[in-house]
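The chain contents come next:
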Amino acid sequence: MHELAITESVVQAVTERLPGATIRCVYLEIGALSGVVPDSVRFCFDLVTEGTGLAGAKLEISQPNARCQCGECGAEFEPDGPIPMCACGSPVVSVLSGRELRITAVEVAS
Ligand SMILES: [Zn+2]
């Protein structure tokens, strides 16, 4: 499962950065074109965090809108599906943003 590996690497990144800390909340940004399903990450998060400093932590996921640029007509647009296509009909599109998956903030219990 794709999301399990992703969730594991997120949890690993947090525990490496904040060893021994009790984490209250992890804020994740998952781009609309990253192919990552937020609900699956939420599900995996509870499994992966068991027994770590992140056990019981909340997971806040935001999904910023993606931006694409058409390779044919140069128009910038927001894709409406997982396979971006320009309004001019061209599938030759470069993704400007929307594939990112990053930890934006971590809340530590004091
Ligand atoms: Zn176009």
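Scroll up to find the structure.
Residues numbered from 1 in each chain as written. Predicted model: local features only at pLDDT ≥ 70, side-chain atom pairs only at ≥ 80, totals over all residues. Heavy atoms only, no water.

Undergrad: Could you give an account of the coordination of the zinc ion, naming the residues involved and the relevant values?
TA: Protein-derived ligands of the zinc ion are Cys-70 (SG), Cys-73 (SG), Cys-86 (SG) and Cys-88 (SG), with the metal-ligand distances lying across 2.3 to 2.4 Å. Considering all four donor atoms around the zinc ion, the spread of angles at the metal, 103 to 119°, places the coordination shape in the tetrahedral class. Counting the intervening residues between successive donors of the zinc ion yields the motif C-x2-C-x12-C-x1-C. In this pair, Cys-73 sits in the loop between β3 (67-70) and β4 (76-77) while Cys-88 sits in the loop between β4 and β5 (93-97), placing the two residues 15 residues apart along the sequence. Given a relative accessible area of 47%, Cys-73 falls into the partly exposed group. (Donors = N, O, S within 2.8 Å, 3.2 Å for Na, K, Ca; no water. Tetrahedral: all angles 85-135°; square planar, octahedral: opposite > 155°, others 65-115°. Helix = DSSP H or I, 4+ residues; strand = E, 2+ residues; numbered from the N terminus. Buried < 20%, exposed > 50% of the residue type's maximum accessible area, 1.4 Å probe, protein only.)

Undergrad: Before we move on, can you summarise the side chain of Thr-49 with the specific residues and values?
TA: With respect to the element layout, Thr-49 can be found in the loop between α2 (38-48) and β2 (58-62). Polar contacts involving the side chain of Thr-49 include one to the main-chain carbonyl oxygen of Phe-45, which spans 2.7 Å. Ignoring anything within four residues of it in the chain, the contact list for Thr-49 reads Val-11, Leu-54 and Ala-55. (Polar contact = N/O pair within 3.5 Å; in protein donor to acceptor, adjacent residues only side chain to side chain. Contact = heavy atoms within 4.5 Å.)

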